[in-house]
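# Architecture and fold: a report
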Amino acid sequence: MGETEDEPLSLNLFQDLIKEWDTDHVQNNYDPTEILHKMADILEKETNVYMASDPDPFEERHPSRVDPECQLGLLLKAYFKKESLVQEVFNHYMKENYFTRAGLDQSSFNLNVSACRLVLDILPGLEIGVLNDTDGLISQLYKWVSGKLEPLCSYATGLLAVAMELNEVATEAEIREKNSKLVPEMLARLRELQDEAEKERDQARSDRFKRPFALFSKSPLKNPRRLSAEGEVDGVGKLSNGIVTINGGSGGKDQDGELVLGAGGKKETGGGGGCKKSLERSGSGTLAPGWPNGIMSPPRSSTENSSSSWAEMELNVIGHFEIFPVSLQASQIFILRLLTPLAEYQDFLSLTQGSRILEVLERYINVRETRDARLAFEALKLLASLFCHKKFTLEWVATGGLSLLMQMPRPSMAATGSSLCLYYLACDDDTMEKICSLPPHTLQDLVKYCLWLLECSHETGRQYSIMFFGLAFPFRTILDIFDASDGLRKLYNTISTLSIISDRDDDRDSMSDDQEFMQRQSVRYTTQSLKKYVEAHLAIRVEEEISSDLTRAGGSPQPPHPSYKPYRLEQEQVTEHIFTLLELMNYRGRWEPIDRLIKLGGIQLLLQVIALSYDWTYAGRAETVKCGLDVLAVCSVIPRVQLALCEKFDLPDESAVGINIVLGTAEGEIVPDSPEVQRAALLVLCHLLCGPVVRPGCVKHTATPTPSKRRGGSDRVKSSDEVINKVWECVRANNGIMALLQLMQTKAPLTDADSIRALACRALVGLARSSTATQIMSKLPIFNNGVLNMLLREPVLQDKRAEHVKFQKHAHELIEKVSGPMSRKNYENNDITLDMLHRASVVANTRIRYNNKQLLQLMHEHLVLSGLNKTAEVLKNESDFVPLVDSSGGSVPPVYPVRSMISFHPSHLNRRMISSPTPSRPISTPSRQITSIPSSRPNHTATSRQQVTTPTRPLPTTNTNRSTTSTSIPIRVNRPTRTSVPTTPTPATRSAMKTMDASDQSTSKALEQVGDTKHEVSLGSIVSDFLSSQHALCRNPMTTCPEFDLLLPHKCPDQRSRRAAPLNFTSRYSKKSLFPPYGGPDGSKLDRKLVYSRFRPVKSFRAGGDDREENVFTSCAFSGDSQFLFAGTYMGDVKMYNLQSSEETTYQCHDSYVYHVQPSRDSKLVITSSSWRTPYSKLWSVGDFFDEKKQFKDEEYLEFSCNVQDKVVGTQSDAVATIYDLHTGQLSRTLKPTSSNGYSRNRATFDPTDDLILSDGVLWDYRAPRQIHKFDKLNQTLSGVFHPNGLEIISNTEVWDIRTFHLLRTVPQLDQCQIVFNSGGEVIFGLNLEQELEDETKFETAFKTFDASDYSLIATIETKKSVLGLCSSWDDQSLAVVEQGNGECVESAVRMYDVGRLRAEEEDQEDDGEDEDGGPDDDDSDGSSDGMGGGDDNDDEWGFPIPLFSDGEDLSGSGSGTPSEDDLDDPDDEVDADEVEDLDDDDGGTIADDDDSWEDIEVEEEVGGD
């Protein structure tokens, strides 16, 4: 650019011209021609200045966006601000009858010339759609072009070229018709102008020979820009015809390609001088324009340039051209621009017949002859458009045009244009095959030229060369030359040197939006090319490994792939190749391309690009991340890469683990709503997790995969099993199990959910080979609650059934890994859980034995009922058995003893109903309750045998609504069959019972043992199948069973000893003297279930004052002496209530709501926590007043230590825990984990001994302090609390063993529940967390109680109001619950409950029931004759559950009808006949009526005094 003092002069002059036009154009007979020419002069002068800065020739942005200080951009802004001028130029000045319409007898030619010239000058800031929107302008341009009057014809051609870039204009029928005539004319005109220009060049060379130094006498340095006293710009001199010419300085580039601006030269006194227009073209006699002041130094050490004179090279590099007066150069450029957009259409082919257009373009592209880079650039753009047609690409390569493209001056805009042509050539495989067949030196020159473009060209030139390599890498010939030329380093540098990847914030913050976008595009194209690069090498390496493997095996190697043919791989082929390489490639083998990429730092760079793209918002972000992941997927074959992904690396703002980034990408955190990116990330995980444990060239150190251990004091991982174990551990440590399980259950996006599920399940299969991961997964509810079975049934989208089949395959593999191997891969039965597999395994190993006499009794019964009395009599005489029926043959129906009734268990009935779509006989159940089994044989009619009766407990009405995993698909067992071909079934002779594939190895062995015998169906096999099917229905099947009874339904005994404490409270209490102190084993547990299922509200505390409706309660706590109740409020107050007098005292503690209050056991200190304003937590001393002792500014949560309350532990953001000593008030520990879980509700807490601390899922030793273990993250919210027994940690639904760090169990009912233990640590109160909805926060209206010993659900207590918090008193006799009304009534209160007491209304109901029945009924379990187990259909609002009875040890008395955990897993939950007998024998209990339900009985609340 010019000197600083001259910068505003052009803008001021231009604004003066606009003001002058604004004043004069309203006058009559006004001729704007002269003022338009003056505007154009200034615009063209600043255009030359702008072009001297060497902008990207493909740049289409406004000059002000390229350079905000650019004078050209300021001029364009000033012009377009004057809307009246813009409208006048387009709507009037470009009309050929402008003066005629004004009533003047004057030609409008000069005005049209000036207007067209001005429009050409403002094109960099013009929205080209205006050309089409202006009425009649396109037709007028065609008319001027056909008129052939210069310079208007050339100007109209240039404007028409811009209009043709609009697709709607070029494809219009009328325009296409005009173009079909215009294009041949333009081609002929172009050849004529080319010949004329050639003559000028010949004459110029002749003149130069006569005066070899004439060029330097006209140096542009002698005409710097200056403003003369007359207001004219020096260097903008007037020719003899009055036309203004512009002179200026020149700019240039140094050897590194950076712009160098020199100082101004001497001031020339003459105004008409300047350098020649085109190196002394003799034909015109005019002088070439000068350049803006400043000098552009010639490129040094450039072997392509034969002259060291920059004066001779400036046209080659920059390529200025003047449009006024119009020159041969400008006319040719306008024609080339017109043909460029039209050449892309198919119609253009027929219009070029006989024009030999490629020969014309060859002459233009030969810059060494034309010495005109601008003309060559425009010709290259046209050539690139022609390359859209294969005809021209093949012809161009065949005629040797490729070498011509590589002979461009370096640097020059022509070289940038050649990059576009090379990219278009690479787009066609046939053309690339011809290029690969060229001589090796030509290909070497091509690769070296493109590599030069990577480093020395404009931004678009770099991008086109990168894209060229991306398309050329599949061809091995190009790939080998690229590797030999160190091309990977240069390709890597295109990303590594970008400011957007820089570690320095200043570099990133200083970039403009346009610069940032361009750099992101560079990253996008480079990652695409790297993907093609590694995939091509992958195909080559796999081909070599397969050939070597075949050779080692004695086979014939595969024929080599032709070097000129491309390696094209689909995504499935890439995945297959990677696993092939993992199996065949030597563990310590070298892979030179990938090793070179690792050495350059490519792995870390790609991870950095993926992580940083989280903040990028542009259309190519998903493709960039996907390509980066695809590169990592191929590189993951190398053990070094696998280990690198397990290590931390630095990002600009933080440090992260590579696998953590990949997992986050798979979850959709980096690029939301992009299933392609998720699949790419999951494929990376599959390659990392599913590879072979022992790879070729490596010896496994242990018999089973174990975590890597240090051997010989070295940390270096040496074997493949250590590597994959480290990968497994890293995935687990970064919460991979939770992430993959969530992805396995995804339902969105609809079109890709099935493929995402399949890949996530495949990754889990690989991870399940880790014993630690298997142990954790075996306890997760998804494998036991039927969710996985439901996912396996139907695909998310029916069109994606093929993907769903893959998911089913991997899911069954996962079940095998978690539960044990299955014998065969038959996925007919998808409803499989771990519990069912275990039961099937036990049943398969059970020996079936039965009494043969009972079988004969049944045969005799069948013969009698069939009318074969003689045969039955023979059977009776030959066998010694007691018949079941009377064989007299009389008309009296036979009489059956009770034990001969071969009836169905309710689950058998379900089985029969489901297995038969249309039952052959009606099925009925008795409508009345059977309380006991009669000892005499009931009478039946002959027709009664046609119905299936059930003398056991009727089917519950809720049976049809049970989970399909429980009843609809029962356990099906294959008994060992006698067949010579075990795999060939014979359904025609099979048993009527459904069969299932054996699920364990023992069944497989049994099949093998009998596999050589002939298949026979016998009565014994049918009976064995029937008995084994009954055995499979047992809740707790046993391997060793006594002889089966054919006359009674079989049921294995429950896991309950007869010495156990009775379920009935009265019986249990009476046995306390015999079995102190609780009446037998588990007596205390049953007592807790009785007590903590009953709560009686006795008192309510409500806030006083005028703001009581807004100041709702948020938390509560009892004082250590149980005399006061502390309650936190929404407005930051803490209210203290005297429990005896209900006196209220209010203290202002925080500015926002108090969500945590904790008094010390001695009632001298109180902790309060808030989360809105600092200080978040405070410590108070309690006496007559609340005195603030200490503020904790950053601790969002604070609590006392457990054993000795001399410390407090605080929770800060970013998973940091702090410990303060209460005696000194000083910070004693700061615990910051190396890798955190990021729980949203992290709460640091002490264990009961105060030796351990749990914070954000990380276990610390307070004494060291050191990090002991990081638990796997299986939920997003709750970090966990210690169990009072000090051996377990409860984190949401997961229960972890502190001693082994194993997952002990999962408790689904604790999902999203805040846990509060009672003082004795025997009972857990579960309070559901709030749910953040769009417009409100929703709380549950109930709380739950659990037995802390086995986590069984005791009850769900419905309050009918939102429960915000609760706490238990120190003596465990009272419970305070923070309740808030719903709907219109939002009244808040802290309600006190007495634990273990029924409400008064319920006691009245119990008394009424006793009066009606004549006294209490001892048959009711736990003395719950109040109807809590169901029976009365009342509509009361309150309910407290009392369980009636329970199977086994569990006693589920959920107030909301919620079954216990064991009940959820039990598919056969109905009561059998023998269970009825057990109840009679043990407790004297009876089964409830048919109308009994487990729903709560609710009565109106009673509220105590405020």
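Only a predicted model underlies this, so the values are computations on that prediction, with no experimental measurement involved.

### With respect to the overall build of the chain
From N to C terminus, the chain includes 53 helices and 36 strands. The buried share of the chain, reckoned over its 1506 residues, is 54%. Of the roughly 66,500 Å² that the chain leaves accessible, carbon and sulfur atoms contribute 48%.

### Looking at the confidence of the model for the chain
Mean pLDDT over the chain: 77, with 73% of residues reaching 70 or higher. Low pLDDT (under 50) marks residues 218–308, which in the prediction has 206 contacts with non-local residues, meaning those over four places away or in another chain. With pLDDT under 50 throughout, residues 823–830 is counted as low confidence; its partners more than four residues away or in other chains account for 20 contacts.

### Observations concerning the sheet that holds strand 16 (residues 1197–1200)
Backbone hydrogen bonds hold the strands of a sheet together, and the pairing may be parallel or antiparallel. Sheet architecture is open: 4 strands sit in the order 16-17-18-19, paired in antiparallel fashion. With partners counted over all chains shown, the strands left at the sheet margins are strand 16 and strand 19 (1227–1231), one partner each. The average undirected angle you get between the axes of adjacent strands in this sheet is 20°. In this sheet, strand 19 lies alongside strand 18 (residues 1217–1221) in antiparallel orientation, the contact comprising 4 bridges. Bridged to T1218 within strand 19 is T1230.

### Regarding the sheet that holds strand 21 (residues 1252–1255)
The strand order across the open sheet formed by 4 strands is 20-21-22-23, and the pairing between neighbours is antiparallel. Two strands lie at the open edges of the sheet, namely strand 20 (1245–1246) and strand 23 (1266–1270), each paired on one side alone. Sheet topology note: the strand 20/strand 21 ladder contains 2 bridges and is antiparallel. By the bridge assignment, F1246 is partnered in strand 21 with I1253.

### Some words on helix 35 (residues 658–666)
By the criterion of burial, helix 35 is predominantly enclosed, with 8 of the 9 residues buried. Three or more residues of helix 35 are buried, namely G658, I659, I661, V662, L663, G664, T665 and A666. Phi turns positive, to about 90°, at G668, one or two residues after helix 35.

### Regarding the packing of aromatic side chains
For the structure on display, the rule yields 31 aromatic pairs. Aromatic pair Y449 and W452: ring centres 6.0 Å apart, planes at 25°, arrangement stacked. Taken together, the residues Y449 and W452, both in helix 24 (residues 440–456) and 3 residues apart, mark about one turn of the helix. As far as the burial class goes, Y449 and W452 line up, both buried. Taking 5.9 Å as the distance between ring centres and 70° as the angle between the ring planes, the aromatic pair formed by F1246 and Y1262 counts as edge-to-face. One end of the pair, F1246, is in strand 20; the other, Y1262, is in the loop between strand 22 (1258–1261) and strand 23, with 16 residues separating them in the sequence.

### Here's the deal with unusual backbone geometry
A cis amide bond links E150 with the next residue in sequence, P151, at an omega value of 0°. If you trace the backbone, P151 turns up in the loop between helix 9 (137–147) and helix 10 (152–164). Positive phi, normally seen in glycine, also occurs at Y1351, with a value near 60°. In this fold, Y1351 is placed in the loop between strand 32 (1342–1347) and strand 33 (1353–1358). Here Y1351 falls in the buried class, since its relative accessible area comes to 1%.

### Re the environment of V1386
Considering the arrangement of structural elements, one finds V1386 in the loop between strand 35 (1374–1380) and strand 36 (1388–1395). Overall, the relative accessible area of 37% leaves V1386 in the partly exposed class. Along the chain, V1386 and K1361 lie 25 residues apart, while their C-alpha atoms are 9.2 Å from each other. The residues contacting V1386, other than those within four sequence positions of it, are V1112, Q1380 and G1381.

### With respect to helix 25 (residues 459–472)
Taking 1.5 Å of rise per residue, 14 residues should cover 20 Å, and helix 25 covers 20 Å from first to last C-alpha, within 8% of that figure. Counted residue by residue, helix 25 has 12 buried out of 14 residues, so it is predominantly covered. Among the residues making up helix 25, those that are buried are E459, T460, G461, Q463, Y464, S465, I466, M467, F468, F469, G470 and A472. Buried positions along helix 25 lie against helix 22 (413–426), helix 23 (429–436), helix 24, helix 26 (476–484), helix 27 (487–496) and helix 29 (513–552).

### Details of the pattern of salt bridges
What the rule picks out here adds up to 55 salt bridges. A salt bridge links E459 to R462, with the nearest nitrogen and oxygen atoms 2.5 Å apart. Here the residue E459 and the residue R462 both occupy positions in helix 25, the gap between them amounting to 3 residues, near one helical turn. On the basis of relative accessibility, which here comes to 16%, the residue E459 falls in the buried class. One salt bridge connects R1241 with E1330, and the closest N-O pair in it is separated by 2.2 Å. Residue R1241 is found in the loop between strand 19 and strand 20, and its partner E1330 is found in the loop between strand 29 (1323–1328) and strand 30 (1331–1332); the two are separated by 89 residues along the sequence. By relative accessible area, which is 25% here, R1241 ends up partly exposed.

### A look at the environment of Y492
Among the structural elements, Y492 can be located in helix 27. In this view, Y492 contacts L600, G601, G602 and L605; residues no more than four positions away in its chain are not counted.

### Some thoughts on the packing of helix 2 (residues 33–52) against helix 7 (residues 109–121)
Where helix 2 meets helix 7, the axes come as close as 9 Å, and the angle between the chain directions of the two elements is 25°. As the angle between them shows, helix 2 and helix 7 are arranged roughly parallel. For the pair helix 2 and helix 7, the crossing hand works out as left-handed. Facing helix 2, whose interface residues are T33, L36, H37, M39, A40, D41, L43 and E44, helix 7 presents N110, L111, S114, A115, R117, L118 and D121.

### Side note on the environment of P1062
Note on placement: P1062 falls in the loop between helix 48 (1019–1032) and helix 49 (1065–1070). Counting along the chain gives 18 residues from P1062 to G1080, while the straight-line C-alpha distance between them is 7.7 Å.

Basis of the calculations
Residues numbered from 1 in each chain as written. Predicted model: local features only at pLDDT ≥ 70, side-chain atom pairs only at ≥ 80, totals over all residues. Heavy atoms only, no water. Helix = DSSP H or I, 4+ residues; strand = E, 2+ residues; numbered from the N terminus. Buried < 20%, exposed > 50% of the residue type's maximum accessible area, 1.4 Å probe, protein only. Areas by Shrake-Rupley, 256 points an atom, 1.4 Å probe, with all protein chains shown as cover. pLDDT = per-residue confidence, 0-100. Contact = heavy atoms within 4.5 Å. Pairing = 2+ DSSP bridges. Axes fitted to C-alpha atoms, helices over the stretch in contact; angles between N-to-C directions. Phe/Tyr/Trp six-rings, centres within 6.5 Å; stacked < 30°, edge-to-face > 60°. Expected span 1.5 Å × (residues − 1). Salt bridge = Lys/Arg side-chain N within 4 Å of Asp/Glu carboxyl O. Parallel < 35°, antiparallel > 145°, perpendicular 65-115°, else oblique. Left-handed = near helix turned anticlockwise from the far one by under 90°.

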